[in-house]
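The lines below spell out each chain.
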4 protein chains.
Amino acid sequence: MSRTKCLVVGASGYTGAELLRLLLRHPGVELVGVTSRQYAGSALTEVFPKYRGVGNADDLAFIEPEAAAMTKTGAEFAFLALPHGVASEFARPLVDAGIRVIDLSADFRLNDAAVYEEFYGSAHPDEALMTEAVYGLPEVYADEIKAARLVASPGCYPTSILLPLLPLLRTKAVDPATIHVASMSGVSGAGKKADPSLLFVECNESVRPYSVPKHRHLSEIEQELSAAAGEKVAISFTPHLVPINAGICSTIYVATEKSGAEIGNLLESAYANAPFVRLLGENGCPDTKNVVGSNFIDIGWAEDERTARAVLLSAEDNLGKGAGSQAIQSFNLMAGLDETTGIL
Amino acid sequence: MSRTKCLVVGASGYTGAELLRLLLRHPGVELVGVTSRQYAGSALTEVFPKYRGVGNADDLAFIEPEAAAMTKTGAEFAFLALPHGVASEFARPLVDAGIRVIDLSADFRLNDAAVYEEFYGSAHPDEALMTEAVYGLPEVYADEIKAARLVASPGCYPTSILLPLLPLLRTKAVDPATIHVASMSGVSGAGKKADPSLLFVECNESVRPYSVPKHRHLSEIEQELSAAAGEKVAISFTPHLVPINAGICSTIYVATEKSGAEIGNLLESAYANAPFVRLLGENGCPDTKNVVGSNFIDIGWAEDERTARAVLLSAEDNLGKGAGSQAIQSFNLMAGLDETTGIL
Amino acid sequence: MSRTKCLVVGASGYTGAELLRLLLRHPGVELVGVTSRQYAGSALTEVFPKYRGVGNADDLAFIEPEAAAMTKTGAEFAFLALPHGVASEFARPLVDAGIRVIDLSADFRLNDAAVYEEFYGSAHPDEALMTEAVYGLPEVYADEIKAARLVASPGCYPTSILLPLLPLLRTKAVDPATIHVASMSGVSGAGKKADPSLLFVECNESVRPYSVPKHRHLSEIEQELSAAAGEKVAISFTPHLVPINAGICSTIYVATEKSGAEIGNLLESAYANAPFVRLLGENGCPDTKNVVGSNFIDIGWAEDERTARAVLLSAEDNLGKGAGSQAIQSFNLMAGLDETTGIL
Amino acid sequence: MSRTKCLVVGASGYTGAELLRLLLRHPGVELVGVTSRQYAGSALTEVFPKYRGVGNADDLAFIEPEAAAMTKTGAEFAFLALPHGVASEFARPLVDAGIRVIDLSADFRLNDAAVYEEFYGSAHPDEALMTEAVYGLPEVYADEIKAARLVASPGCYPTSILLPLLPLLRTKAVDPATIHVASMSGVSGAGKKADPSLLFVECNESVRPYSVPKHRHLSEIEQELSAAAGEKVAISFTPHLVPINAGICSTIYVATEKSGAEIGNLLESAYANAPFVRLLGENGCPDTKNVVGSNFIDIGWAEDERTARAVLLSAEDNLGKGAGSQAIQSFNLMAGLDETTGIL
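Within any chain, residue numbers begin from 1 and follow the written order of that chain's sequence. Here every chain gets a letter starting at A, and every ligand a number starting at 1, in the order they are written. pLDDT decides what is reported in this predicted model: residues at 70 or higher carry local features, side-chain atom pairs at 80 or more are listed and counted, and totals for whole chains, interfaces and linings draw on all residues regardless. To obtain the side-chain values, all non-hydrogen atoms of the structure were included, while hydrogens and water were left out.

Draft legend 1. Geometry of the pattern of salt bridges. By salt bridge we mean one thing: a side-chain nitrogen of Lys or Arg within 4 Å of a carboxyl oxygen of Asp or Glu. Summed over all chains, the structure comprises 55 salt bridges over all chains. When the shortest N-O distance is used, the salt bridge between E139(B) and K321(B) registers 2.8 Å. One end of the pair, E139(B), is in helix α7 (residues 138–147); the other, K321(B), is in the loop between β14 (309–316) and α12 (324–334), and 182 residues separate them in sequence. With its nearest N and O atoms 2.8 Å apart, the salt bridge here joins E118(D) to K214(D). With E118(D) in helix α5 (residues 113–120) and K214(D) in the loop between β9 (208–209) and α10 (218–229), this residue pair connects regions lying 96 residues apart in the sequence. Residue burial is assigned from relative accessible area. The probe radius is 1.4 Å, only protein chains are included, and a residue is buried under 20% of its type maximum, exposed over 50%, and partly exposed in between. Residue E118(D) is classed as partly exposed on the basis of its relative accessible area of 47%. Connected via shared salt-bridge partners are E202(A), R208(A), D287(B) and K289(B). Note on conventions: DSSP H or I runs of at least 4 residues are helices, E runs of at least 2 residues are strands, and numbering of each starts at the N terminus.

So this is what it looks like as structure tokens:
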């Protein structure tokens, strides 16, 4: 397999680390550069001792995320694993230099500047690029992704909520005005920040909701739900922090007249050719431990005739299908590789 | 303080252990007996080395849960920490012997024999006692508890769901047909069973829903919600297992026209004199780590004007306010003690 | 019981929090003040929501750790829960103001200025007070503690290593030149510092040694071992960080000609009247979960005739017998109370 | 790459699961069978939902571990992931049928029948095969492994202790009479047994030594240490259970006159061509989280001039280098593949 030259921008956080884990072993990738403001000049394996001896990790050192230096790596693709608000500065020069970009931040996921400003508190710095960017959910936008210059890879909560719901909204099988979601995320989802609330002792033996009632990810969730439903959708969503390193579990209620079997048929039909969506059957319950470290999302569902509602249950790795491996799934499509290369 | 003679029946599980922890130090209690089929004849501290040197633990040995042996202890009160279905056999002889009983199982919590049979799969063995039993939620039934011969102490999920909702249902502030709940429980809630799915490796780094769509605790939750609402209420409820030893977090959605401030007023008014209900204010988020080891339940809430719903958030210790210390709170009332004795 | 006025200086860390948990409920204590540079002006319960409704917590606010403000509280005793190097500045003015001080830092634990400088890298700022201070291990220095103006409460690792070894060294039952120790500590032992290496994701699913080969606590450990042995003792000691919130486990090897039974006799004889030392018997293995939240230290031992060595095994709560409750044990002695008041 | 037909006998435990994870993706392996008494007849993915969609997992079902059925799979190699004492019954028929066997139990690791009986309590059922078996530590016995019919893959504790010590014993750099070891293992090391002491609540927030003073693995550890030292070696060894899923950390003391630099030279010289041994340098501390999921063992060391001892520190995945991936490393050698195939 020929190897495509790839660069990881902002490689020192948890998402960056997961990208490195996968790209260092990807048979279609040559990792030609890693950037980090904080660690520029350090060997990659000094920051990540766990990658000593893996692929070409021992030959790489962090460089500054400067346009010239990044272009000089010869990269054909760049993965941006940067904090929200930072990625939007980096995408433009890379794209202009002919490097195709897969951005893992929220910066380019919305297609409505007003919604961006409502949820992120300031105007988007590069509306043209935001509008051009393709939402990188391969189960929905594979064709657009293949051709894209800039892919905005979805967030972890959105992926876990969208994949179960989209086929049901598209087919009008559920009432879009009745969606209620509770999601539970591992702590890596909060990033590698020296924030006291993320210390081991503060998270261990702790479960807590946060960001009620209006988490920022609602904006992209509702954008995609609305597109599928063909009408404006607003949902209830509460994220919770649970003491696991990685993994997201979403529990979704929606009113429906469909039976469990009918819901199953709709999901199976939608994902018959989706290698990373695993349907667990009616009353099947997902478990984050079955998906962590992988690009799979597991989906179960149940009919509750007492309330005329369905409950949809999903589990994925917030750093995998919710971030790193999903971005590589898009990369595979963009690079003309089999969708599953290096991530199965 | 004079000491009331107490017996713990079925003291070797997690709920029993928490009762022992509290009763061994309770200034108004003399622990006169502990029973366990499995450990009869063993010293209490052999089974629970952690209680060596605490209170009179070194003087106690497990006895068989036989009526004669239990009566012989001179107990005035008995706490039943037995599996569901077993408690109903033990309550009758104790009550007949004049021993007041606080049962921590689900056996006596319902007041409708048909609902019992629907959810538990067989007829109740002692309907008369089931009907007599008082639902032991002190914030609601304090007067009835004081006079009761048999108190059915509520389950952990029900407590975490009822206390936030009841004041809002009683005042018609919310729409009872729109309740959606997701709860997350620590693993001790599943009991001390040698079940492979409860092994450390199976639970650690795992989050998973279970018992969808119709968990048994729905029966008592809906019974009490209906009583407060003055109409039949059916809700959506999904429990999740999360890797913490103890603690329950419940996230509850309900449609309402009330503002966050109005909801706060209703809760404050309901719990002004409830020493164990701590209201966190609008947009306040509870955290299980703040309540574990205590009898507190922490409650936050938020208004979501986008969906015309409120979200109610609660956290409690599933072994505390959800089991052991709540039972002692009832005991305190029954014994004429201050409600907080030994559990604050 | 009359209540002694107490002050906690530096109350916002993990040791401070544990002191508060105990002092707020201690029947012989009136908590009259809490200090914190960072949180001065904030209500205690704003920083520690878990103490809402407990004792007089709702009435307290953090004050600056200024001499005038601290004296004004009327405190008769002050607990210092400050970082090492900071406590030594605070002790002098408090002692001079007639306030008896229990310092939980390492600042006053040594009695040799040269050793202090060797291990801490600079001269001690107040040698006179360092020399005066009593090493606060109540099982060894109860009489001195009762009369002390300043008690230097031992560290968590030292307590877990000294209590098993001291009786054996004093009686020449073991060879002091052959001591090898491996200790495992919960993460709270590292303090509440926003250090990336202490983040949940960095500590969870991780076990790691650190500070090899010369941890600072060696200085006080060897000081006390030498005093007991009557000769200069140097030991091997490796601390490990393990993913638990609290708890220390120490495994100690030492050459001996004594049998397991003889070692048992020596330990039993030494600790016959020590309410917080629990001897587990020959081949008994301690478990941190049996001691966390308490002031107990559990000690087991085994004879290994194959190597003519004994292994001593101990477990304690690093925040309890290794910090907060041990300091209160000293307080109880100083205040003329029963040693176990408020901590059993 | 041509694919060698492999069978996993006893595939339902933790070691079996790790073997499956790796073999399903191994480019030189065709997994032709999995056995399990308990699950015979069930689809592999019913027992391990996490392997749905991976390799040929969806095509496999568990078969009974009967000789005829196993031979019929056409397997050229069999991995035995069976409990100790069971493997010895299965190896003979497989070997006789011309299937090369890699046994992950302790059954064939010793080469002295008397030692086996001392540590395991009964005579070995197949001494001839025990004597023939090669100890599967590829860093030591690569040549013998390549030619073996039966490889006895080392245990997790032994691997973590032997690899740091062997080069130092072989060169007489350390005193073999002075070895003291404390090891900490993740809970998967205890196997997937429905034993109450392995429940989540019993292991979480718990650290505890066990099997003092004479763990069974001592037999193979001392056999290999003695072989390297050229004299009989007895050591002190205490295993500890720590709340992580996977990982072993070993801390080893040994008297030496060598400096840290000299120890480093000896280790570097021994492992210059060992792709899975990563030397961390003097005073380098390993961390289980850097090796879990891999076949690496990380080794650090420090000189303690105060005691004339060295401390050696190692970390590995107990299911990886301590079990599954190490067995595959042997397989790679036996099958004539690059040692790292499928496990890097």
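Draft legend 2. Region of interest: the sheet that holds strand β4 (residues 77–80) of chain C. All names here are of chain C. Whether two strands pair comes down to DSSP finding at least two bridges between them. Strands sit in the order β3-β2-β1-β4-β5-β7-β6 across an open sheet of 7 strands; the sheet is parallel. Two strands in the sheet have a free side with no partner beyond their single neighbour: β3 (62–63) and β6 (134–135). As paired strands, β6 and strand β7 (residues 150–152) are joined by 2 bridges and run parallel to one another. Within β7, the residue paired with V134 across the bridge is V151.

Draft legend 3. Examining the interface of chain D and chain C more closely. Residue contacts are counted whenever heavy atoms from the two residues lie within 4.5 Å of one another. In this assembly, 49 residues from chain D lie in contact with 49 residues from chain C. Interface of chain D and chain C: buried area, both sides summed, is about 3900 Å²; carbon and sulfur atoms make up 57% of it. In this structure, the connection of chain D to chain C is made through 6 salt bridges. Note that K289(C) is salt-bridged to E202(D), the shortest N-O span being 3.8 Å. In protein, a polar contact means a hydrogen-donor-capable atom and an acceptor-capable atom, both N or O and within 3.5 Å, with residues adjacent in sequence counting only if both atoms are side-chain atoms; elsewhere, any N or O pair within 3.5 Å suffices. Linking chain D to chain C there are 25 residue pairs in polar contact (both at pLDDT 80 or more). Going through the elements one at a time, β8 (180–185), α9 (200–203), β9, α10, β10 (236–241), β11 (248–255), β13 (297–304) and β14 (309–316) of chain D are the ones with two or more residues in the side of chain D that touches chain C. Residue classes follow a fixed rule: Ala, Val, Leu, Ile, Met, Phe, Trp, Tyr, Cys and Pro count as nonpolar, while Asp, Glu, Lys and Arg count as charged, and any other residue, Gly among them, counts as polar. Here the side of chain D that touches chain C is built from residues that sort into 27 nonpolar, 11 polar and 11 charged. Throughout, the accessible surface (probe 1.4 Å) given up by two parts as they are put together, summed over both, is called the buried area.

Draft legend 4. Spotlight on the sheet that holds strand β14 (residues 309–316) of chain A. Residues and elements named next belong to chain A. If you walk across this open sheet you meet the 7 strands as β9-β10-β8-β11-β14-β13-β12, and the pairing is mixed. Each of the sheet's edge strands pairs with one partner strand only, and the pair in question is β9 (208–209) and β12 (277–282). Inspection of the sheet shows strand β13 (residues 297–304) paired to β14 by 8 bridges, in the antiparallel sense. Following the sheet pairing, W301 is matched in β14 by L312. Axes here refer to lines fitted to C-alpha atoms; in helices the fit is confined to the stretch in contact. Angles between the N-to-C directions go from 0 to 180 degrees. Running at roughly 155° to β13, helix α11 (residues 260–270) makes contact with β12, β13 and β14 of the sheet.

Draft legend 5. Just the interface of chain C and chain B, in detail. With 15 residues of chain C at the interface, the matching set in chain B holds 15 residues. Summed over both partners, the interface of chain C with chain B comes to about 1300 Å²; 45% of that surface belongs to carbon and sulfur atoms. Where chain C touches chain B, the interface holds 0 salt bridges. In this assembly, chain C and chain B are joined by 12 residue pairs in polar contact (both at pLDDT 80 or more).

Draft legend 6. How the structure looks around the side chain of T341(D). All names here are of chain D. Along the chain, T341 turns up in the segment after α12 (324–334). With relative accessibility at 10%, the residue T341 sits in the buried group. Here D338 takes part through its backbone oxygen, which lies 2.7 Å from a polar atom of the side chain of T341. With residues up to four places along the chain from it excluded, the contact list for T341 reads M1, H26, P27, I328 and N332.

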